[in-house]
Amino acid sequence: MEPFEKKIQKYTETVQEKFVRESAVLETIRGSENAFIKQEDRLLTYAEFLYQQARYIGKRWWILQGLVLASLLFLLNDAGGIYAQRTLGAGASLFAVLVIPELWKNRRTSAMEIEGTSFYSLRQIYSARILLLGMADLLLLTLFYAAAAWTAQLSLGTFTINFVVPFNISCCICFRVLCSRRAEMEYVAGIICLAWAAVWMMVLGQDRVYEKIAVPVWAALLVCSLVYLVWCVRKAQKDCESIWEVNRSWN
């Protein structure tokens with residue numbers, strides 16, 4: 001045995017003899033077991049579960065989303081005009097892309113196996129995460145529209161056409177790609193969303209195309225995007241556990 005190993009062993013024996021009481025250790029173990037059993041007997045309410053999950057969400061992404069909306073508000077007030085309003089679509093896609101890191105982080109960090117062995121299922125965890133992100137985005141967009149309507153006289157119809165529709169479609173892209181069993185698909189989702197934003201800008205940049213799209217067409221596009229978004233979210237929740245099984249088989 002090396003000299004330093006002997007010193008460590010001697011120090012350990014000294015500490016155990018002089019400072020560690022076996023009765024105190026056993027009492028601590030019993031107290032820990034009782035506290036664990038007591039906590040396990042009490043199920044969390046859904047509000048408590050949401051609060052618990054909210055602590056794991058990176059708040060920096062909400063801050064970045066707020067900065068995107070602040071930049072759009074500045075653009076609307078500084079430039080003004082219909083063309084500034086039509087650039088909202090690009091900001092909407094970027095706003096949606098910033099949700100990707102939180103939805104993909106358990107796959108990116110290989111934490112799905114850990115979440116899969118927890119008391120709550122992956123579906124419950126994904127549901128809570130999606131609900132929290134949706135609530136935060138709804139709050140941010142409500143504040144943004146209120147500020148834009150007050151300072152830039154942005155109408156609800158203009159906001160719906162130029163922001164809500166491209167935002168819904170970008171979210172559909174994100175959740176649809178989330179259902180893929182391939183790795184590193186978050187980058188593909190980001191690229192597709194940015195490409196969609198470019199196409200949207202080119203379409204709305206053409207006055208003759210923009211003016212030919214009637215209100216019923218915009219309404220149908222809004223409804224279809226909402227319905228498809230709900231389907232994509234439900235599919236992502238349904239397939240999350242099968243995605244975990246495939247990822248586990250790769251390791």
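Above this text sits the structure in question.
Residues numbered from 1 in each chain as written. Predicted model: local features only at pLDDT ≥ 70, side-chain atom pairs only at ≥ 80, totals over all residues. Heavy atoms only, no water.

Asks: Give me the overall build of the chain: which residues, what numbers.
Replies: A tally of regular secondary structure across the chain gives 13 helices and zero strands. Each helix and strand of the chain, placed in order from N terminus to C terminus, yields the pattern α-α-α-α-α-α-α-α-α-α-α-α-α. Within the chain, buried positions represent 38% of all 251 residues. Here the contacts in the chain between residues at least 6 apart in sequence split such that 79% fall between residues at least 24 apart. Accessible area of the chain: about 15,500 Å², with a carbon and sulfur share of 65%. (Helix = DSSP H or I, 4+ residues; strand = E, 2+ residues; numbered from the N terminus. Buried < 20%, exposed > 50% of the residue type's maximum accessible area, 1.4 Å probe, protein only. Contact = heavy atoms within 4.5 Å. Areas by Shrake-Rupley, 256 points an atom, 1.4 Å probe, with all protein chains shown as cover.)

Asks: Before we move on, could you go through the packing of helix α4 (residues 59-78) against helix α6 (residues 88-97) and cite the residues and values that matter?
Replies: Packing of α4 against α6 leaves a shortest axis separation of 10 Å and a crossing angle of 175°. Put simply, α4 runs roughly antiparallel to α6. In this structure, α4 contributes Q65, V68, L69, L72 and L76 to the contact, and α6 contributes L88, G91, L94 and F95. For the contact of α4 with α6, the per-class residue count stands at seven nonpolar, two polar and no charged. (Axes fitted to C-alpha atoms, helices over the stretch in contact; angles between N-to-C directions. Parallel < 35°, antiparallel > 145°, perpendicular 65-115°, else oblique. Nonpolar A, V, L, I, M, F, W, Y, C, P; charged D, E, K, R; others polar.)

Asks: A description of the state of the cysteines should follow, citing residues and the corresponding values.
Replies: Throughout this description, disulfide means a covalent bond between two cysteine sulfur atoms. Throughout the structure, instances matching the rule amount to zero disulfides. Free cysteine: C193, not disulfide-bonded; nearest cysteine sulfur from C174 at 3.7 Å. The cysteine C232 is free of any disulfide, with C172 supplying the nearest cysteine sulfur at 4.8 Å. Overall, the relative accessible area of 0% leaves C232 in the buried class. (Disulfide = S-S within 2.5 Å.)

Asks: A description of the packing of aromatic side chains should follow, citing residues and the corresponding values.
Replies: For the coordinates displayed, the defined rule picks out nine aromatic pairs. Between F95 and F167, the aromatic rings sit 5.6 Å apart at their centres with planes inclined by 55°, giving tilted as the arrangement. Taken as a pair, F95 in helix α6 and F167 in helix α10 (residues 156-178) lie far apart in primary sequence, 72 residues in all. Of the residues examined, F95 reaches a relative accessible area of 0% and is grouped as buried. Look at Y145 and F159: their rings are 5.1 Å apart centre to centre, the planes differ by 40°, and that puts the pair in the tilted class. (Phe/Tyr/Trp six-rings, centres within 6.5 Å; stacked < 30°, edge-to-face > 60°.)

Asks: Requested: an account of unusual backbone geometry, with residues and values cited.
Replies: Unusually for a residue other than glycine, Q153 sits at a positive phi of about 55°. By secondary structure assignment, the location of Q153 is in the loop between α9 (122-151) and α10.

Asks: Explain the nonpolar core to me, using residue names and the numbers behind them.
Replies: Judged by nonpolar contacts, the single largest core of 55 residues is most densely connected at L76, W104, F163, F167 and F175. Within the residue set of this core, elements represented by two or more residues are α3 (46-54), α4, α6, α7 (100-108), α9, α10, α11 (185-205) and α13 (215-250). With residues near it in sequence (within four places) discarded, F175 still touches L103, I130, L229, C232, V233 and A236. (Core = buried A, V, L, I, M, F, W, Y, C linked by side-chain atoms within 4.5 Å.)

Asks: Break down a nonpolar patch on the surface for me, citing the residues and quoting the values.
Replies: On the surface, a nonpolar cluster with roughly 290 Å² of combined accessible area is contributed by Y46, L131 and M135. Here L131 is to be found in helix α9. (Patch = residues over 30% accessible without salt bridge, like charges linked within 9 Å, V, L, I, M, F, W, Y side chains within 5 Å. Salt bridge = Lys/Arg side-chain N within 4 Å of Asp/Glu carboxyl O.)

Asks: A description of the packing of α6 against α10 should follow, citing residues and the corresponding values.
Replies: One can describe the packing of α6 onto α10 by two numbers: an axis separation of 8 Å at closest approach and a directional angle of 35°. By crossing handedness, the relation of α6 to α10 is classed as right-handed. Here α6 contributes L88, G89, G91, A92, S93, F95 and A96 to the contact with α10, which in turn contributes N162, F163, P166, F167, S170, C171 and C174. Residues of the contact of α6 with α10, tallied by class, amount to nine nonpolar, five polar and no charged. (Left-handed = near helix turned anticlockwise from the far one by under 90°.)

Asks: Please give an account of the side chain of D137 that cites residues and values.
Replies: Mapped onto the fold, D137 is located in helix α9. Within the structure, the side chain of D137 is placed 3.3 Å from the side chain of Q65, a separation counted as a polar contact. Sequence-distant contacts of D137, defined by excluding residues within four places in its chain, comprise Q65, F95, V99 and F167. (Polar contact = N/O pair within 3.5 Å; in protein donor to acceptor, adjacent residues only side chain to side chain.)

Asks: Provide a residue-level description of α6, including the pertinent values.
Replies: Most of α6 is tucked away: eight of the 10 residues are buried. Regarding α6, the residues found buried are L88, G89, G91, A92, S93, F95, A96 and V97.

Asks: Before we move on, can you summarise the side chain of T158 with the specific residues and values?
Replies: By the element assignment, T158 lies in helix α10. The class for T158 is buried, based on a relative accessible area of 18%. The residues contacting T158, other than those within four sequence positions of it, are Q85 and F163.

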